[in-house]
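Architecture at a glance
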Amino acid sequence: SAPRHILSNFLSPLDTVHTIKSPYLITQPLGRIMLTDEYVKRVYDQVVARDGDQPEFLQAVYEVLDTLQPVIAKHPEYEKNGVLERLVEPERVVKFRVAWVDDEGKVQVNRGYRVQFNSAIGPYKGGLRFHPTVNEGVIKFLGFEQILKNSLTTLPMGGGKGGSDFNPKGKSDAEVMRFCQAFMTELCRHIGQFTDVPAGDINVGGREIGYLFGQYKRIRDEYSGVLTGKGLEFGGSLARTEATGYGVCYYTAEALRVLRNDSFKGKTVVISGSGNVAIYAAQKAEELGAKVVTVSDSNGYVYDPNGIDVAVVKQIKEVERGRIKEYAERVPSAEYHEGCSGVWTVKCDIALPCATQNEINEESAKALVANGCKVVCEGANMPSTPEAIEVYKNAGLLYGPAKAANAGGVAVSGLEMSQNSYRLSWTFEEVDAKLKSIMESIVANSLAASKEYGEEGDLMAGANIAGFVKVANAMVAQGVL
């Protein structure tokens, strides 16, 4: 089976390849030869020619286009209408300077981004990420994935993403506030409840969303649902905090039920990350009868054979904003290990990567398989390299891709938008029930699409196809835009 990415610049489509070095990706010269459909190859070559310096974006595009080849063969109208050419090119990319003043009175300058990728089925929707690794290619990969993810929820939301290379870690609340106000001063002219509705992502939680919302309200002199992930006091939704973590578990549970006649009950689960997604994935997995034995951060991971105490993790990460090694200092049964990638060497039945992109490489995937792992469902965005995915498939693992498995966050963001429009709020139980239903429908729709196009049981191909067809049909219906 063919590896599913290319991280290269082409001197010519079939000539010498120069690999792009990246701290997040395993680079390997592959060539366009892996794609067989001529239209798909032509579109991908165009992406490489234009964006060859954006490895994460190339990886995301290649993985999607590869699985869409049987759809393109069956629907010549997509080529006639230039659907793929338009799908891989953002409708708008906004890049701007963010100048702010730190607590020492020194002016700091960061870069801000908002990629408005596709609005065929609704206003742009996608998170804001504040992290030193943020650049245009990372935001484009996330925005591209968001198109299909949002489509899978069945809610009327297009795809977008944004963020900054600002790092809130170690900053005071006042510094974070000043940065957020400076960021929103520029961003506010490009967003709105019927245009583009940002949310949170890595390092953008309730604190940051509050500061961003306050600045938008002050500048625009309007009180609207322009951001999701807001506090409950000013338009937020119950269950939004838990949504992505709960969602990945609902998805995993349904996939296990349908494809393996199994459940979480009695399973050992390894989770990476210790942020919002990881915390609530651990909580829900334990509620469903599993034992979660790890969490991690960028420095290392903790292993607790007795099962992770989610309340301790919440105290460290949500209240104290500390490092995960403190867990081992407070829980006698836990061990702390330096190096976050070591988390994948822990024996488990189910792995839920909930940290960041490309955190599981081929070596880590082989370690998971060797230690008995049977299921990988992704809570983070694109956490598995293409080589890792090949390992999963060759070993017969149940693999749930990010754009499907972690769609719970944006699904409840969409429900928050609905509540804002209605000027009402639903109970936690109401939102949670809608979330569970959406995640179960994603599994069903993915499996139906995979069967229709000759890839029965392949959740990755099914998710890409199901998400794409809805967007593609809307693009054709609306004409050339």
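First, a word on scope: everything that follows refers to the structure included in this document. (Residues numbered from 1 in each chain as written. Predicted model: local features only at pLDDT ≥ 70, side-chain atom pairs only at ≥ 80, totals over all residues. Heavy atoms only, no water.)

For the rest of this paragraph, the subject is the overall build of the protein. Each helix and strand counted, the protein has 17 helices and 14 strands in total. In terms of C-alpha radius of gyration, the protein reaches 21 Å, essentially the compact-globule figure of 23 Å for 481 residues. Seen along its three principal axes, the alpha-carbon backbone of the protein occupies a region of about 55 × 55 × 45 Å. By residue count, 59% of the 481 residues in the protein fall in the buried class. Sequence-distant contacts, at least 24 apart, represent 71% of the contacts inside the protein between residues at least 6 apart. Here the protein displays about 18,400 Å² of accessible surface, and carbon together with sulfur accounts for 49% of that area. Of note, the protein has its 52 positive side-chain charges centred 3 Å away from the centre of its 59 negative side-chain charges. (Helix = DSSP H or I, 4+ residues; strand = E, 2+ residues; numbered from the N terminus. Rg over C-alpha atoms; globule rule 2.2 N^0.38 Å. Buried < 20%, exposed > 50% of the residue type's maximum accessible area, 1.4 Å probe, protein only. Contact = heavy atoms within 4.5 Å. Areas by Shrake-Rupley, 256 points an atom, 1.4 Å probe, with all protein chains shown as cover. Lys, Arg positive; Asp, Glu negative; His and termini not counted. Charge placed at Lys NZ, Arg CZ, Asp CG, Glu CD.)

Another point: the side chain of Gln-357. Relative to the elements of secondary structure, Gln-357 occurs in the loop between strand E12 (350-352) and helix H12 (362-370). Of the polar contacts made by the side chain of Gln-357, one reaches the side chain of Arg-129; its length is 3.0 Å. Reaching out from Gln-357, the side chain makes a polar contact with the side chain of Thr-356 at a distance of 3.0 Å. In this view, Gln-357 contacts Arg-129, Val-138, Phe-141, Asn-381, Met-382 and Pro-383; residues no more than four positions away in its chain are not counted. (Polar contact = N/O pair within 3.5 Å; in protein donor to acceptor, adjacent residues only side chain to side chain.)

Now for the sheet that holds strand E14 (residues 398-400). Here seven strands make up an open sheet; going across it, the order is E11-E10-E9-E8-E12-E13-E14 and the pairing mixed. Here the strands that pair on one side only, and so sit at the sheet edges, are strand E11 (335-338) and E14. Within this sheet the neighbouring strands show an average axis-to-axis angle of 15 degrees, counted without direction. (Pairing = 2+ DSSP bridges. Axes fitted to C-alpha atoms, helices over the stretch in contact; angles between N-to-C directions.)

Here we come to unusual backbone geometry. Backbone geometry at Ala-239 places phi at a positive 75 degrees, although glycine is not the residue there. Here Ala-239 shows up in the loop between helix H7 (206-220) and helix H8 (243-260). Unlike most non-glycine residues, Met-382 shows phi in positive territory, near 50 degrees. Inspection of the secondary structure assignment puts Met-382 in the loop between strand E13 (375-377) and helix H13 (386-395).

Another point: the pairing of strand E10 (residues 300-303). Here strand E9 (residues 291-296) runs beside E10; their pairing, made up of three bridges, is antiparallel. Along E10, the bridge assignment pairs Ser-296 with Tyr-301. Adjacent in sequence and paired antiparallel, E9 and E10 are bridged by three residues. In this structure, E10 lies alongside E11, joined through four bridges in antiparallel fashion.

Our next topic: helix H9 (residues 276-287). In this model H9 runs 17 Å from its N-terminal to its C-terminal C-alpha over twelve residues, within 8% of the 16 Å that 1.5 Å per residue would give. Summarising burial for H9: nine of the twelve residues are buried, a large majority. Residues of H9 that are buried include every one of Val-277, Ala-278, Ile-279, Tyr-280, Ala-281, Ala-282, Gln-283, Lys-284 and Ala-285, and no others. Turning to H9, the residues buried within the fold contact H8, strand E8 (268-271), E9, helix H10 (310-319) and E12. (Expected span 1.5 Å × (residues − 1).)

We now examine the pattern of salt bridges. All told, the structure shown has 24 salt bridges when counted by the stated rule. A salt bridge links Lys-140 to Asp-51; the shortest N-O distance between them is 3.1 Å. Taken together, the positions of Lys-140 in helix H5 (residues 136-152) and Asp-51 in helix H1 (residues 38-51) put the pair 89 residues apart, joining distant regions of the chain. You'll find Lys-140 and Asp-51 in the same group, each marked buried. Between Lys-74 and Glu-452 there is a salt bridge; the shortest N-O distance is 3.6 Å. Remark: Glu-452 occurs in helix H16 (residues 428-452) and Lys-74 occurs in helix H2 (residues 55-74); sequence separation between them is 378 residues. It is possible to trace a salt-bridge network through shared partners that takes in Arg-129, Lys-161 and Asp-201. (Salt bridge = Lys/Arg side-chain N within 4 Å of Asp/Glu carboxyl O.)

It is worth spelling out the packing of H8 against helix H15 (residues 408-422) at this point. At a minimum axis separation of 7 Å, H8 and H15 run at an interaxial angle of 120 degrees. As the angle between them shows, H8 and H15 are arranged oblique. The element H8 and its partner H15 pack so that their crossing is right-handed. Of the residues in H15, those in contact with Ala-243, Thr-244 and Gly-247 of H8 are Gly-408, Gly-409 and Val-412. (Parallel < 35°, antiparallel > 145°, perpendicular 65-115°, else oblique. Left-handed = near helix turned anticlockwise from the far one by under 90°.)

For the rest of this paragraph, the subject is the sheet that holds strand E6 (residues 158-164). Taken in spatial order, the five strands of this open sheet run E3-E4-E6-E5-E7, and their pairing is mixed. Of all strands in the sheet, those with a lone pairing partner are strand E3 (92-101) and strand E7 (196-200), marking the two edges. Neighbouring strand axes in the sheet, compared pairwise and without regard to direction, differ in orientation by 20 degrees on average. When strand E5 (residues 124-130) meets E6, the two strands line up parallel, connected through five bridges. Within E6, the position partnered with Arg-129 by the bridge is Gly-163. Here H5 sits on the sheet and contacts E3, strand E4 (107-118), E5 and E6; the angle it forms with E6, its principal contact strand, is near 150 degrees.

Attention now moves to empty space enclosed by the protein. Throughout the structure, instances matching the rule amount to one cavity of 30 Å³ or more. Along the wall of the largest cavity there are 14 residues; nearest its centre are Glu-63, Glu-145, Glu-378, Tyr-399 and Lys-403. Among the secondary structure elements, those contributing two or more residues to the lining of the largest cavity are H2, helix H14 (402-405) and helix H17 (459-477). In terms of residue class, the lining of the largest cavity is made up of eight nonpolar, two polar and four charged. (1 Å grid on protein atoms, 1.4 Å probe; cavity = no way out; pocket = protein on both sides within 12 Å on 5 of 7 lines; lining within 4 Å. Points joined across faces, edges and corners; volume = space filled by probe spheres on them. Nonpolar A, V, L, I, M, F, W, Y, C, P; charged D, E, K, R; others polar.)

As a further point, take the environment of Val-64. The topology assignment puts Val-64 in helix H2. Taking the C-alpha atoms as reference points, Val-64 and Leu-424, 360 residues apart in sequence, are found 38 Å from one another. Beyond its immediate sequence surroundings of up to four residues, Val-64 is in contact with Phe-144, Glu-145, Leu-148, Lys-403 and Asn-464.

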